Amino acid sequence: MIVVENLCKQFGKLQVLDHVNLTCSKGECIALIGPNACGKTTLIKSILGMVIPDSGSIRFNGEFINRQYLYRNSIGYMPQIGRYPDNMSIGQIMEMIREIRNYQSNTDEELLEAFKLKDLFQKRMRTLSGGTTQKVSATLAFLFHPQVLILDEPTAGLDPLASEILKEKIVKEKKNGRLILITSHLLSELDDLVTQIVFMQEGRVHFHKTVEALKLDTGEEKLSKAISSILKQSQHE
Amino acid sequence: MNRIIKFVILDILKNKVVVVYTFILAALSWSVFALEDNSTKGLLTLLNVVLLIVPLVSVIFSTIYLYNSSEFIELLLSQPVKRSKIWFSLFIGLSLSLLFAFFVGAGIPILIYAPPDVSLMMLVMGIIISTVFVSIAFLGSVFTRDKAKGIGIAILLWLFFALLFDGLLLFLLFQFSDYPIEKVVVFISACNPIDLARIMILLHLDVSAMMGYTGAVFKDYFGSRSGSVVVLLILTVWVFLPYAISLSKFKKKDL
């Protein structure tokens, strides 16, 4: 569904993305991991068209996305730090995005109910705590039944109960055949979610493997241990 | 109507700054016309208001509003919306609300008290000047991410066009008074939308004695009907050029 080819991006002198290649298809749940500042968020923002790459191409369902916008109809995006207009209430934001998307059919309100956001509908975004803002972001990402879900650090800032709800929702959507892209630092959380791992380092894709292959290669049962053993190997080399 | 424009205008109305601006313009205009028995004198006083306050409010309010809507822009960008549509909606939303404020605040008293041809010219110039400075605010704010810097640029641009520019022009005229530089001065004046607007209104007011040096030179060239058309054309360029440059920058911007 998403094919990234030779993507490069520089911020000043810093090479954030260095010839990144990536292929994602339907029904996969891909974890994008790597140390801080390795280009995960930049890659995601390039797919969304928020960052304009210097060279390389991104195809969504076979079509190049540069300067296009309609393809975003099938993407639900949950940012790392959700930033919303201060003066609008939760209800107004949801209504506005529904109007902008011109979405007529039923929205997916499961998360809305699970997070009990209906009671907070009148609250202005300015008054919300970080966790509640994350809940709003998550709800918005899932609201329009998107084909692709891009979740940037989805569980950061959520309490254990809420992050459990979110994880269940992710598993459910994975079964519905959606493509899910997650970035996270909490490897233990990803264990029962993801089917593939993309490891990025210094703007490059270090490896892209299925979870089974990774566990087989390293002989570890747990994802976190498998990753750390690979990291140790690469340090020895 | 475009849905994003609706949200922008509703948001600006909630903000109340535009409402206060309307009241200030209204208070000034009504009192100016009530104090002077001669409507031309009133118009001249109001002219200075229009040429100083309107650009100032337009450029600063638009700049601050653009910086404050960075969240709004970011939110919309992850949705299926064209970048140019977001930028255009912000431009139209800001211009429309500032124009509305100008029309309600200053336009109505001007239309009531002043003779029709002059009042129309004044209205048109007020509208154009508002839009030109919204457009300049867009250009200024697309270049820097830093809000304080952006507002600083906006204030400097206003200072330059409203005050410094005339000083420079006078300096040029005195320094080169031995040479025939009138044509050059006409050309330089076209580089300042406020000067152009002032000249246009003064030419219609028929008070050439009070026109000052810039205007006196200009009357020879632009006193005619075709001159007015040229001025209007240049002002239209002033509306669209800064906006067009800012749009092409915004399309390539990383957010």
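Residues numbered from 1 in each chain as written. Chains lettered and ligands numbered in written order. Predicted model: local features only at pLDDT ≥ 70, side-chain atom pairs only at ≥ 80, totals over all residues. Heavy atoms only, no water.

## Details of the interface of chain B and chain A
Here is the rule we go by: For this analysis, residues touch if any pair of their heavy atoms sits within 4.5 Å. What makes a salt bridge here is a side-chain nitrogen of Lys or Arg within 4 Å of a carboxyl oxygen of Asp or Glu, nothing more. Polar contact criterion, stated in full: a pair of N or O atoms within 3.5 Å, where within protein one must be able to donate a hydrogen and the other to accept it, and residues adjacent in sequence count only if both atoms are side-chain atoms. Strands here are runs of E lasting at least two residues and helices are runs of H or I lasting at least four, both read from the DSSP assignment and numbered beginning at the N terminus. Charged residues are taken to be Asp, Glu, Lys and Arg, nonpolar residues to be Ala, Val, Leu, Ile, Met, Phe, Trp, Tyr, Cys and Pro, and polar residues to be all remaining types, Gly included.
Taken together, the contact between chain B and chain A spans 24 residues of the former and 27 residues of the latter. Seen at the junction of chain B and chain A, the total is 4 salt bridges. The shortest N-O distance in the salt bridge between R83 of chain A and E74 of chain B comes to 3.3 Å. The interface formed by chain B and chain A contains 12 residue pairs in polar contact (both at pLDDT 80 or more). At the level of elements, α1 (3-15) and α4 (70-77) of chain B are the ones that each hand at least two residues to the side of chain B that touches chain A. Among the elements that line the side of chain B that touches chain A, the one with the most residues is α4 of chain B, at 7 residues. By residue class, the composition of the side of chain B that touches chain A is 9 nonpolar, 3 polar and 12 charged.

## Re the packing of aromatic side chains
All names here are of chain B. For clarity, the cut-off: Working definition: rings of Phe, Tyr and Trp (its six-membered ring) pair if their centres are within 6.5 Å, and the pair is stacked with planes under 30 degrees apart, edge-to-face with planes over 60 apart, and tilted otherwise. Three exposure classes are used, based on accessible area relative to the maximum for each residue type with a 1.4 Å probe and protein chains only: buried under 20%, partly exposed in between, and exposed over 50%.
Counting across every chain of the model gives 16 aromatic pairs over all chains. Ring geometry for W87 and F138: centres 4.9 Å apart, planes at 75°, overall edge-to-face. On the criterion of sequence distance, the pair formed by W87 in helix α5 (residues 83-113) and F138 in helix α6 (residues 116-143) is long-range, its members being 51 residues apart. Judged by relative accessible area, W87 falls into the buried class, the value being 4%. Given a relative accessible area of 0%, F138 falls into the buried group. Residues F160 and F161 carry aromatic rings whose centres are separated by 5.2 Å and whose planes lie at 65° to one another, so their mutual orientation is edge-to-face. Its relative accessible area of 7% is what places F161 among the buried residues. Put simply, the rings of W87, F91, F138, Y243 and F250 pair up and form one aromatic cluster.

## Concerning unusual backbone geometry
Residue and element names in this part refer to chain A. Although it is not a glycine, A37 sits at a positive phi angle of roughly 60°. You can see A37 is positioned in the loop between β3 (29-33) and α1 (40-48). Here the phi dihedral of N61 falls at roughly 50°; this positive angle occurs in a residue that is not glycine. Tracing the backbone shows N61 in the loop between β4 (55-60) and β5 (63-64).

## As for α6 of chain B
Cut-off, in case you're wondering: Multiplying 1.5 Å by the helix residue count minus one yields the expected span of that helix.
Over its 28 residues, α6 of chain B extends 41 Å from the first C-alpha to the last, a length consistent with the 40 Å expected when each residue adds 1.5 Å. Where burial is concerned, most of α6 of chain B is hidden: 21 out of the 28 residues are buried.

Everything listed here is a matter of coordinates, which is why it stays silent on function.
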